[in-house]
Amino acid sequence: MRGPAIGVAVLTMASLTTGANALSAAAPAKIIIDTDPGTDDALAILLALNSPELDVKAITVVPGNVTARQGLQNALQVVSLAGRCDIPVAGGAQHPLTQKLVTAEFWHGRNGLANIELPPPQCAADPRFGPDLIIAAVHQYPHQITLVAIGPETNLALAVSKDPSLASLVKEVIVMGGSLSGGNVNAAAEANIYGDPEAAQIVFKAGWPLTMVGLDVCNRTLLTPAHLAQLAKTHGPENDFAVQVLQFIIDLARRYGYNGTALYDPLALGVAIDRSFVKTEDMRVDIETRGEFTRGETVANRSNTVERNVPHGDRLWIAGVDRVRPNVRVAREVESERFIEFFISRIAGR
Ligand SMILES: [Ca+2]
């Protein structure tokens, strides 16, 4: 764990030679959360706001689980609940790049927040356009910002398309999305990628350091009724809200045969806080944007090789095997119980 005492020590010699980079190693990690709130988004935001390892520079809202308008309202309500009106919260894209918006009130409640009516937000929306806010923040803090995308990747795609220099100026990008072993929307696609596959392909091909925290790994972070009972023993506005949200999604999951709910978006924030929650493997991952059955699938090359076919008479034949360069650190393992306990500890009593 990084501690404040280390930060003071670094101020002496290292800052003279390497400047901001040395400081940032000890200071809280600067992040921007791009989100479609969303029940698990709300839990992820609360985790981030209660984690001293993170310095949340902005929250940008993307349509997905709910419309852009509802999502902005929800983000403002959650940030208000946490008493953090100092954090800019901005709207962004109003729809996916090319396809129709698919919303998920079915899973998240009619308002996206488990039908819980939070008080009207105390915080006001930042008037800037989310992707522009991302661009400005990355330039203000070059090589220091981690973008954590926990919704469809429309805003990130718009930002890096408008300003390709972001690819070399962000510290890293952490995405909750995709899967190496089937989807939740259908057999192939995970919801965040399915929500805007063209945007996801731009984000996956952008050339920035990208970590994928996928569905298959998140599914192992199953917060059970026993965990919920543990969190329900403590109280506070955020704690009580989280308990209500979790109760809603656990009840919903039970109807589909699950004894608990996976902490999808919170795990992406967990990785931003402490990378050792997951183990990753470097792979070439592309997004299927066509595909009769597979639109929105994250197509991962486990061996990072492709056969090279060349013309040979009236056919092709295999002339060799080429290596492909990995573009994604794909989470493969997760210390799920440690993460769930960590999540609970950060929300408890807040
Ligand atoms: Ca989300």
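Overview of the structure.

Rules used throughout
Residues numbered from 1 in each chain as written. Predicted model: local features only at pLDDT ≥ 70, side-chain atom pairs only at ≥ 80, totals over all residues. Heavy atoms only, no water. Donors = N, O, S within 2.8 Å, 3.2 Å for Na, K, Ca; no water. Helix = DSSP H or I, 4+ residues; strand = E, 2+ residues; numbered from the N terminus. Buried < 20%, exposed > 50% of the residue type's maximum accessible area, 1.4 Å probe, protein only. Pairing = 2+ DSSP bridges. Phe/Tyr/Trp six-rings, centres within 6.5 Å; stacked < 30°, edge-to-face > 60°. Salt bridge = Lys/Arg side-chain N within 4 Å of Asp/Glu carboxyl O. Contact = heavy atoms within 4.5 Å. Axes fitted to C-alpha atoms, helices over the stretch in contact; angles between N-to-C directions. 1 Å grid on protein atoms, 1.4 Å probe; cavity = no way out; pocket = protein on both sides within 12 Å on 5 of 7 lines; lining within 4 Å. Points joined across faces, edges and corners; volume = space filled by probe spheres on them.

### Quick word on the coordination of the calcium ion
Bound to the calcium ion are the protein donor atoms Asp36 (OD), Asp41 (OD), Asp41 (OD), Ile150 (O) and Asp265 (OD), situated 2.2 to 2.5 Å from the metal. In the primary structure, the donors to the calcium ion are separated according to the pattern D-x4-D-x108-I-x114-D. Residue aspartate 41 is found in helix H4 (residues 39-49), and its partner isoleucine 150 is found in the loop between strand E4 (145-149) and helix H8 (154-162); the two are separated by 109 residues along the sequence. Isoleucine 150 carries the same exposure label as aspartate 41, and that label is buried.

### Some points on the pairing of strand E9 (residues 278-287)
One ladder, built from 6 bridges, connects E9 with strand E13 (residues 328-334); its direction is antiparallel. Paired with glutamate 281 across the strands is valine 330, a residue of E13. Inspection of the sheet shows E9 paired to strand E10 (residues 298-301) by 4 bridges, in the antiparallel sense. Among the inter-strand pairings, aspartate 286 is bridged to a residue of E10, identified as valine 299.

### Here's the deal with the packing of aromatic side chains
On inspection of all chains with the given rule, the structure shows 5 aromatic pairs. Relative to phenylalanine 342, the ring of phenylalanine 277 lies with its centre 5.1 Å away and its plane at 55 degrees, an arrangement referred to as tilted. With a gap of 65 residues between them, phenylalanine 277 in the loop between helix H15 (264-273) and E9 and phenylalanine 342 in helix H16 (residues 336-347) connect regions that are remote in the sequence. Using a relative accessible area of 1% as the deciding quantity, one classes phenylalanine 277 as buried. Note on phenylalanine 342: relative accessible area 10%, which makes it buried. Here the aromatic cluster, defined as three or more aromatic residues joined through ring pairs, consists of Phe106, Trp107 and Tyr256.

### A closer look at the pattern of salt bridges
Under the counting rule described, the total for this entry stands at 15 salt bridges. Note that aspartate 55 is salt-bridged to lysine 57, the shortest N-O span being 3.1 Å. Under the relative-accessibility criterion, aspartate 55 is labelled partly exposed at 25%. The partly exposed category is assigned to lysine 57, whose relative accessible area is 23%. Taken together, the shared-partner salt bridges in this structure form one network comprising Glu172, Arg275 and Arg329.

### Considering the sheet that holds strand E1 (residues 29-35)
Within a sheet, each strand pairs with its neighbour through backbone hydrogen bonds, oriented either parallel or antiparallel. With mixed pairing, 9 strands are arranged side by side in an open sheet as E3-E2-E1-E4-E5-E6-E13-E9-E10. Each end of this open sheet is capped by a strand with a single partner; those strands are strand E3 (89-90) and E10. Both strand E2 (residues 54-61) and E3 contribute to a ladder of 2 bridges, which runs parallel. For threonine 60, the partnering residue across the bridge sits in E3 and is alanine 90. Running over the sheet, H15 touches E1, E2, E4, strand E5 (172-176), strand E6 (210-213), E9 and E13 and is turned about 155 degrees from E5.

### A few points about the layout of surface pockets
There is about 1000 Å³ of room inside the largest pocket. At the level of elements, H4, helix H6 (105-108), helix H10 (191-194), helix H14 (237-255), strand E8 (261-262) and H15 are the ones that each hand at least two residues to the lining of the largest pocket.

### A few points about unusual backbone geometry
Put simply, proline 37 and glycine 38 share a cis peptide bond, and its omega is -5 degrees. Structurally, the position occupied by glycine 38 is in the loop between E1 and H4. Despite not being glycine, asparagine 115 has its phi angle at roughly 65 degrees, a positive value. Even without being a glycine, asparagine 304 presents a positive backbone phi close to 55 degrees. Following the sequence through the fold, asparagine 304 ends up in the loop between E10 and strand E11 (305-312).

### With respect to the environment of valine 299
Checked against the element boundaries, valine 299 lands in strand E10. Ignoring sequence-local partners within four residues, the contact set of valine 299 consists of Arg284, Val285, Asp286 and Glu288.

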